[in-house]
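# Tertiary structure, described
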Protein chains: 2
Amino acid sequence: MTRTSLRGLIRTVNTSKSPITRSIHTTMAPKGPALNIKSINQSVIDVHYAVRGELALKADKYTQQLNNPKDHSLDKLPFEHVVTANIGNPQQKGLNQVPLTFWRQVISLVEYPDLFKKHLDLAKKIYPEDVIERAKSLHEEIGSVGAYTHSKGVLSIRKRVAKFIEERDGYPADPESIYLTAGASAGVSSMLAIALQPGDGCMIPIPQYPLYTATLAYLNATPLPYYLNESEDWSMDHDTLLKAVSEAKSKGIPVKALVIINPGNPTGSCLSKEAMEAVVHLCYEEGIVLMADEVYQTNIYDPSHRPFASFKKVLKSMPEKIANSVELVSFHSISKGVSGECGRRGGYYECVNISPEVMEQVYKMASVTLCPPVSGQIGVDLMVSPPKAGSPSYDLWKQETDLIHNNLKERSLLMAEHFNKLPGMSCNPAEGAMYLFPKIEMPQKAIEEAKKRGKEADVMYALDLLDATGICAVAGSGFGQEPGTYHLRVTALCPETAEFIGRFEKFHKEFLEQYK
Amino acid sequence: MTRTSLRGLIRTVNTSKSPITRSIHTTMAPKGPALNIKSINQSVIDVHYAVRGELALKADKYTQQLNNPKDHSLDKLPFEHVVTANIGNPQQKGLNQVPLTFWRQVISLVEYPDLFKKHLDLAKKIYPEDVIERAKSLHEEIGSVGAYTHSKGVLSIRKRVAKFIEERDGYPADPESIYLTAGASAGVSSMLAIALQPGDGCMIPIPQYPLYTATLAYLNATPLPYYLNESEDWSMDHDTLLKAVSEAKSKGIPVKALVIINPGNPTGSCLSKEAMEAVVHLCYEEGIVLMADEVYQTNIYDPSHRPFASFKKVLKSMPEKIANSVELVSFHSISKGVSGECGRRGGYYECVNISPEVMEQVYKMASVTLCPPVSGQIGVDLMVSPPKAGSPSYDLWKQETDLIHNNLKERSLLMAEHFNKLPGMSCNPAEGAMYLFPKIEMPQKAIEEAKKRGKEADVMYALDLLDATGICAVAGSGFGQEPGTYHLRVTALCPETAEFIGRFEKFHKEFLEQYK
């Protein structure tokens with residue numbers, strides 16, 4: 001191998017008169033850092049994300065402190081463990097939602113195929129037959145899980161997603177319009193980034209999941225809030241919806257997209273078919289692309305009363321001119337539902353009625369990120385095609401998923417009941433998802449104290465709650481709320497619900513007493 | 001649970017005079033699609049990504065066709081399988097680089113901890129002792145791999161990354177400045193997105209990995225190309241480097257960042273310490289943040305001649321005023337090296353000398369994406385702390401990694417040798433990474449023919465090569481090259497190197513004959 005380049009380069013550096021060489025020996029003053037708060041991308045500065053902000057950092061610190069009880073340099077905390085009710089993270093330490101056995105068995109086999117190739121006899125003593133078969137067929141389709149897949153995700157998995165959608169909705173789905181993603185968040189960010197030009201308007205519900213405001217801020221797009229009506233179980237107030245459109249129009253802001261979260265985060269409400277049709281119709285008339293965040297579609301507490309209906313289904317059941325024209329992107333995820341596999345980063349979105357020229361751009365942008373994590377893709381496969389009744393894994397899977405459904409529902413109802421018994425607090429019971437969003441009648445003195453501390457009153461409440469009880473819940477202002485109202489978002493995932501309620505009630509009453 | 005909302009809403013939709021209800025019954029003309037090529041984010045249109053473009057789509061089509069030999073509606077192809085030399089995807093079907101056994105064993109256990117909890121006796125018959133111990137301790141640290149981790153990644157893994165960097169470089173590393181990512185690409189995109197304002201200049205090598213031009217196009221930042229010198233084994237021409245800076249300055253473009261890829265992709269060259277110092281010095285004098293893509297740091301063919309030196313090490317060995325001021329972000333990945341675990345999506349970046357106020361923004365943006373895939377994080381852990389000599393897994397691990405190193409080196413040398421024997425073709429032998437970038441002396445007639453077809457001549461060459469031989473290689477124009485020169489990027493991963501060379505030579509000679 002010739003080394004002319006090295007010799008050439010060393011020569012250049014040591015002896016030549018190239019300006020850069022000379023500059024090494026000069027003492028020119030440096031220019032100072034390239035990156036400071038004024039020089040970096042200014043859109044980044046505008047991004048806010050409350051779910052993992054000051055509160056989460058403080059909770060982390062307390063957790064570390066409680067894990068090192070011998071460190072006497074720190075004051076003793078008034079609680080023994082941190083209750084993480086701030087993030088929908090079911091398998092988090094302390095929440096202990098057990099992963100679905102079927103999932104983990106299949107994944108362990110595709111991760112290490114020698115288990116069924118070289119050690120089949122031993123594997124049969126550990127794994128049910130259908131698990132081994134499923135792993136074998138996934139391995140055959142995918143090959144090594146360490147290889148890049150197609151940028152849209154593995155085709156055979158996308159085909160099964162299409163089948164799942166077809167069976168759910170009763171309308172055909174095209175695997176080529178389905179993109180597997182690293183969780184719904186990754187899908188939402190990339191689709192909003194493609195759809196929106198700087199300045200474009202995007203309607204978002206208030207309260208909302210803060211991913212939306214964060215992404216819009218980063219994209220320099222304009223959030224057009226429509227307020228959900230708390231006194232009507234967080235249903236949509238259609239006048240507000242229309243008002244948001246016409247206000248935007250009067251300001252010359254093009255209304256490009258409408259985000260809807262159903263079942264609602266943080267509200268827990270489920271939309272009626274009629275409300276959904278009205279939204280689709282608005283999109284039809286105004287030429288708005290509908291972004292439907294449907295990641296909680298499996299988390300419905302009373303499916304007999306209000307079964308989940310996807311926006312795809314509602315759209316496709318409307319008159320043909322609407323069904324075949326309203327642009328829809330629907331997002332789903334393995335992080336919620338009964339799987340709760342947040343850390344695996346898996347999800348998908350389906351594009352409906354998006355023009356081929358735009359779909360080409362979607363594909364190009366997906367290809368720049370190479371491919372979604374294969375482990376997450378397999379998660380999507382297991383979500384859309386769980387064990388069938390009668391198969392060896394079915395009973396355990398049913399038992400595990402039923403328990404998860406029941407736990408969530410029971411805890412959610414119990415918590416709402418107690419919130420409603422507290423003075424100065426009210427809470428709409430949730431119909432789905434995994435959160436409650438109780439309202440706090442904030443005492444005037446607390447509002448004044450918060451102002452002194454330079455915080456929103458509900459942020460102060462949440463921080464004081466954490467300090468006093470170890471309960472970590474996010475202030476409503478992180479999600480948006482009607483001006484002058486104050487809320488908290490708490491997850492319904494905490495196994496010690498009674499303990500949670502006890503600690504919470506004590507704090508709340510003391511807080512009211514303090515600021516009465 | 002009260003259902004006032006539903007009743008209220010249905011009432012509204014059926015009977016009220018709300019404007020949206022009435023609009024359902026009107027026949028207003030729809031506005032047409034929200035998303036078309038003119039209405040979407042125009043920066044997206046400007047993004048190009050050659051590695052997975054027309055060529056990859058065509059190769060996919062051929063692969064599917066070869067998998068369905070009974071479909072007689074299609075012409076018979078003149079080859080029996082597609083040789084994927086276009087993507088650095090070692091574990092891809094047909095390339096068959098075997099995953100490291102140690103990795104897959106550990107991961108299968110942390111995916112399904114019952115293997116060591118409930119089935120320990122059976123597990124001991126399958127897994128070496130150190131694998132079980134490693135999986136247990138990872139499980140203890142992380143908990144369920146289905147839970148979100150810290151947005152920066154699991155702390156204990158970041159600590160081991162810091163230790164790995166310290167041992168590699170001889171300088172301290174701070175786990176709090178290390179971010180685990182979904183592969184290096186995700187890290188590069190997010191850091192460039194934070195660092196660059198629209199219009200900011202970012203120096204990039206030409207040829208480059210097209211992620212950089214794609215990301216800069218999306219960010220509306222200005223690529224400032226500096227040409228690598230092919231006649232000097234793709235070393236940096238420092239005059240060109242300086243010329244790029246002063247040209248940008250004369251146009252009023254602020255030079256904010258400098259991207260460098262070492263070992264080089266697609267060039268395969270390794271930088272000398274002197275060349276690296278000169279780059280750091282330029283960054284010091286001009287106040288430029290250095291983005292060092294070091295994902296091929298393990299892929300060095302002759303470490304005794306040219307061991308890998310990181311930019312961190314070079315920077316920290318320079319005078320204190322430089323060592324403590326030049327801003328550096330270094331990217332690493334589990335997709336390359338000997339692991340080749342592309343599909344797992346794992347990597348990390350280390351920030352050096354970045355101001356705390358900017359690091360806060362980095363943390364905030366990481367938190368919006370929740371956390372990197374846990375499976376990829378575990379991959380990073382296994383990369384930075386492989387089995388120790390003497391442990392039960394060591395010998396197999398050593399044997400497997402040696403084979404991967406040797407295969408790459410042998411194939412790369414053999415291919416370069418043959419490229420150099422061909423008429424109208426020359427190729428710098430690679431010193432590392434996993435590619436070769438041979439130059440084609442393109443016949444004038446071929447250039448004219450390509451113009452007729454509306455393509456770059458090397459794109460036409462690559463497409464014709466695929467059609468004739470099934471070999472999939474990317475045209476140099478996808479990476480950038482000196483105007484008037486033509487190249488191909490081929491990976492050195494193909495196990496049938498001799499067959500590859502034979503088919504390639506035949507095509508190349510016929511191509512020259514055709515256009516002589």
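Residues numbered from 1 in each chain as written. Chains lettered and ligands numbered in written order. Predicted model: local features only at pLDDT ≥ 70, side-chain atom pairs only at ≥ 80, totals over all residues. Heavy atoms only, no water.

### Focus on the overall build of chain A
We count it as follows: A helix here means a DSSP run of H or I that spans at least four residues, while a strand means a run of E at least two residues long, and both kinds are numbered starting from the N terminus. For the radius of gyration, the atoms used are the C-alpha atoms, and the globule rule reads 2.2 Å times the number of residues raised to 0.38. Exposure categories follow from relative accessible area, calculated using a 1.4 Å probe and restricted to protein chains: below 20% of the type maximum is buried, above 50% is exposed, and the middle band is partly exposed. Residues are treated as being in contact if the distance between any of their heavy atoms lies within 4.5 Å. To be clear on the numbers: accessible area is Shrake-Rupley with a 1.4 Å probe, and residue cover counts the displayed protein chains and nothing else.
In terms of regular secondary structure, chain A is built from 21 helices and 15 strands. Its C-alpha radius of gyration of 26 Å places chain A within 12% of the 24 Å reference for a compact globule of 516 residues. Dimensions of chain A, computed from C-alpha atoms along their principal axes, come out at roughly 80 × 70 × 60 Å. Residues counted as buried form 64% of the 516 residues belonging to chain A. Pairs at least 24 residues apart make up 72% of the contacts formed inside chain A by residues separated by at least 6 positions. As presented, chain A carries roughly 19,500 Å² of accessible surface, and 54% of it is formed by carbon and sulfur atoms.

### What about the relation of the copies chain B and chain A?
Where we set the bar: Least squares is used to superpose the copies, and the fit set is the C-alpha atoms of residues whose pLDDT is at least 70 in both copies.
The two copies are related by a screw operation: chain B maps onto chain A through 180° of rotation and 0.0 Å of translation along the axis, at an RMSD of 0.0 Å. Between the two chains, the operation in question is that of a two-fold axis. Rotation axis and chain B: the residue whose C-alpha lies nearest the axis is serine 108 of chain B, separated from it by 2.1 Å. Taken together, the interface assignments show that 99% of the residues at the interface of chain B recur at the interface of chain A, consistent with an identical surface on both copies.

### Some words on the pattern of salt bridges
Condition: Only one rule defines a salt bridge in this text: a Lys or Arg side-chain nitrogen within 4 Å of an Asp or Glu carboxyl oxygen.
All told, the structure shown has 50 salt bridges over all chains when counted by the stated rule. Among the salt bridges present, the one from lysine 118 of chain B reaches aspartate 114 of chain B, with a minimum N-O distance of 3.4 Å. When its relative accessible area of 63% is taken as the criterion, lysine 118 of chain B is described as exposed. Residues arginine 134 of chain B and aspartate 381 of chain B are paired through a salt bridge, measuring 3.2 Å at the closest nitrogen-oxygen approach. With a gap of 247 residues between them, arginine 134 of chain B in helix H8 (residues 129-142) and aspartate 381 of chain B in helix H17 (residues 374-384) connect regions that are remote in the sequence. Taking relative accessible area as the criterion, arginine 134 of chain B reaches 15% and is therefore assigned buried. With relative accessibility at 0%, the residue aspartate 381 of chain B sits in the buried group. Because the salt bridges share partners, they merge into one network encompassing Arg104, Glu341 and Arg344 of chain A together with Glu111 of chain B.

### Side note on the sheet that holds strand E3 (residues 201-206) of chain A
Residues and elements named next belong to chain A. We apply this condition: Note on pairing: DSSP must find at least two bridges between two strands before they are called paired. Lines are fitted to the C-alpha atoms to define the axes, a helix being fitted only along its stretch in contact, and any angle between axes, read from their N-to-C directions, falls within 0 to 180 degrees.
Spatial ordering of the open sheet is given by E2-E9-E8-E7-E6-E3-E4-E5, a layout of 8 strands whose pairing is mixed. The strands lining the two open edges of the sheet, one partner per strand, are strand E2 (178-181) and strand E5 (235-236). Pairing analysis gives 4 bridges linking E2 to strand E9 (residues 347-352), with the strands arranged antiparallel. Following the sheet pairing, tyrosine 179 is matched in E9 by tyrosine 349. Sitting on the sheet, helix H13 (residues 273-286) touches E5, strand E6 (255-261) and strand E7 (289-293), and the angle it makes with E6 is about 165°.

### Examining the side chain of asparagine 299 of chain B
Mapped onto the elements of the fold, asparagine 299 of chain B is located in the loop between strand E7 (289-293) and helix H14 (311-316). The contacts of asparagine 299 of chain B, once residues within four sequence positions are left out, are Pro263, Lys336, Gly337, Leu408, Glu431, Gly432, Ala433 and Met434 of chain B.

### A short note on the side chain of serine 151 of chain B
Residue and element names in this part refer to chain B. Where we set the bar: Polar contacts here mean pairs of N or O atoms no more than 3.5 Å apart (in protein, one a potential hydrogen donor and the other a potential acceptor; neighbouring residues in sequence count only if both atoms are side-chain atoms).
Residue placement: serine 151 occurs in the loop between H8 and helix H9 (155-169). With relative accessibility at 3%, the residue serine 151 sits in the buried group. Of note is the side chain of serine 151, whose polar atom sits 2.9 Å from the backbone oxygen of leucine 370.

### Some remarks on the packing of helix H18 (residues 394-421) of chain A against helix H21 (residues 497-514) of chain A
All names here are of chain A. Applicable threshold: Here the angle decides the label: under 35 degrees means roughly parallel, over 145 means roughly antiparallel, 65 to 115 means roughly perpendicular, and every other value means oblique. Crossings are assigned a handedness: left-handed for a near helix turned anticlockwise from the far helix by less than a right angle, right-handed for a clockwise turn. Classification used: nonpolar for Ala, Val, Leu, Ile, Met, Phe, Trp, Tyr, Cys and Pro, charged for Asp, Glu, Lys and Arg, polar for all others including Gly.
Running from amino to carboxyl end, H18 crosses H21 at an angle of 20°, the nearest separation of the two axes being 10 Å. Put simply, H18 runs roughly parallel to H21. Crossing of H18 over H21 shows right-handed handedness. Seen from H18, the contacting residues are Arg411, Leu414, Met415, His418 and Phe419; seen from H21, they are Thr497, Phe500, Ile501, Phe504 and Glu505. In terms of residue class, the contact of H18 with H21 is built from 6 nonpolar, 2 polar and 2 charged.

### Some words on helix H19 (residues 444-453) of chain B
Residue and element names in this part refer to chain B. Filter applied, for reference: Working note: the arc is built from the helix axis to C-beta atom directions.
Residues of H19 that are buried include every one of Ala446, Ile447 and Ala450, and no others. The buried side chains of H19 occupy one side of the element, clustering within an arc of 100° when seen end-on. Away from its buried face, by an angle of more than 90 degrees, H19 presents the exposed residues Gln444, Lys451 and Lys452. For H19, the elements touching its buried residues are helix H20 (457-469), strand E15 (486-491) and helix H21 (497-514). Once H19 ends, the next one or two residues include glycine 454, with phi positive near 70°.

### As for the nonpolar core
Note the threshold: Each nonpolar core is a collection of buried residues, namely Ala, Val, Leu, Ile, Met, Phe, Trp, Tyr and Cys, held together in the definition by side-chain atoms within 4.5 Å.
Counting 279 residues, the largest nonpolar core has Phe500 of chain A together with Phe500 of chain B as the members making the most contacts within it. In this structure phenylalanine 500 of chain A touches Val83, Ala85, Met415, Phe419, Ile471, Val490 and Cys494 of chain A, once residues within four positions along its chain are discounted. Counting 82 residues, the second-largest nonpolar core is a separate cluster that includes Leu100, Met383 and Tyr394 of chain A together with Val154 of chain B.

### Overview of the UniProt feature "domain: Aminotransferase class I/classII large" (unreviewed entry) in chain A
Filter applied, for reference: UniProt positions are given in the numbering used here, feature names are shortened, and annotations may be inferred rather than shown by experiment.
The sites that carry the UniProt feature "domain: Aminotransferase class I/classII large" (unreviewed entry) are, in the present numbering, residues 122-492 of chain A. For residues 122-492 of chain A, the end-to-end C-alpha separation is 40 Å, with 45% helix and 16% strand making up the annotated structure.

### A word on the packing of aromatic side chains
The condition is simple: Stacked, edge-to-face and tilted labels apply to pairs of Phe, Tyr and Trp rings (six-membered ring for Trp) whose centres lie within 6.5 Å, assigned for plane angles under 30 degrees, over 60, and everything in between, in that order. Any Lys NZ or Arg CZ that is within 6 Å of a ring centre and within 35 degrees of that ring's normal is treated as a charge sitting over the ring.
On inspection of all chains with the given rule, the structure shows 30 aromatic pairs over all chains. For the pair tyrosine 461 of chain A and phenylalanine 511 of chain A, a centre-to-centre distance of 4.7 Å together with 70° between the ring planes defines the contact as edge-to-face. Here the residue tyrosine 461 of chain A occupies a position in helix H20 (residues 457-469), and phenylalanine 511 of chain A occupies one in helix H21, the gap between them amounting to 50 residues. Here tyrosine 461 of chain A matches phenylalanine 511 of chain A in class, with each residue buried. Ring plane angle 80° and centroid distance 5.1 Å describe the contact between tyrosine 461 of chain B and phenylalanine 507 of chain B, whose orientation is recorded as edge-to-face. A residue pair is termed long-range when its members are at least 10 positions apart, and tyrosine 461 of chain B in helix H20 and phenylalanine 507 of chain B in helix H21 qualify at 46 residues. Through pairs of rings, three or more aromatic residues link up here, namely Phe419, Tyr461, Phe500, Phe504, Phe507, Phe511 and Tyr515 of chain A. Cation over ring: arginine 489 of chain A sits above tyrosine 435 of chain A, and NZ or CZ is 4.0 Å from the ring centre.

### So, the state of the cysteines
Residues and elements named next belong to chain B. Test applied: Disulfides are defined as cysteine sulfur pairs within 2.5 Å.
The final tally for this structure, using the stated rule, is 0 disulfides over all chains. A disulfide-free cysteine, cysteine 351 has its sulfur positioned 15 Å from the sulfur of cysteine 283, the nearest such atom. Free cysteine: cysteine 494, not disulfide-bonded; nearest cysteine sulfur from cysteine 472 at 12 Å.

### Description of the interface of chain B and chain A
Condition: Each of two parts loses accessible area, computed with a 1.4 Å probe, when they are put together; buried area is these two losses added.
Residue-level contacts link 141 residues of chain B with 142 residues of chain A. Between chain B and chain A the total buried area reaches about 11,600 Å² when both faces are included, carbon and sulfur atoms providing 61% of it. In this assembly, chain B and chain A are joined by 2 salt bridges. Here glutamate 111 of chain A makes a salt bridge to arginine 344 of chain B, at a shortest N to O gap of 2.8 Å. Here chain B is connected to chain A by 48 residue pairs in polar contact (both at pLDDT 80 or more).

### Examining the environment of phenylalanine 164 of chain A
Residues and elements named next belong to chain A. Secondary-structure assignment places phenylalanine 164 in helix H9 (residues 155-169). C-alpha separation for the pair phenylalanine 164 and methionine 383, spaced 219 residues apart in sequence, amounts to 9.4 Å. Phenylalanine 164 has contacts with Gln297, His332, Tyr348 and Val384, leaving out every residue within four places of it along the chain.

### Some details on the pairing of strand E15 (residues 486-491) of chain A
Residues and elements named next belong to chain A. The element E15 is largely enclosed, with a buried count of 6 among its 6 residues. Pairing analysis gives 2 bridges linking strand E11 (residues 435-436) to E15, with the strands arranged antiparallel. Residue leucine 436 lies in a different strand from E15, and its bridge partner there is valine 490. Both strand E14 (residues 474-475) and E15 contribute to a ladder of 2 bridges, which runs antiparallel. The residue of E15 that forms the bridge with valine 474 is arginine 489.

### A few points about unusual backbone geometry
Look at the link from asparagine 262 of chain A to proline 263 of chain A: it is a cis peptide, with omega at -10°. In this structure, the amide linkage connecting isoleucine 206 of chain B to the following residue, proline 207 of chain B, adopts the cis form with an omega of 0°. Mapped onto the fold, proline 207 of chain B is located in the loop between strand E3 (201-206) and helix H11 (211-219). One non-glycine residue, tryptophan 234 of chain A, lies in positive phi territory at about 60°. Within the secondary structure, tryptophan 234 of chain A sits in the loop between strand E4 (222-229) and E5. Exposure remark for tryptophan 234 of chain A: the relative accessible area of 4% places this residue in the buried category. Of note in the backbone geometry, leucine 370 of chain B takes a positive phi value of approximately 70° without being a glycine. Relative to the elements of secondary structure, leucine 370 of chain B occurs in the loop between helix H16 (356-368) and H17.

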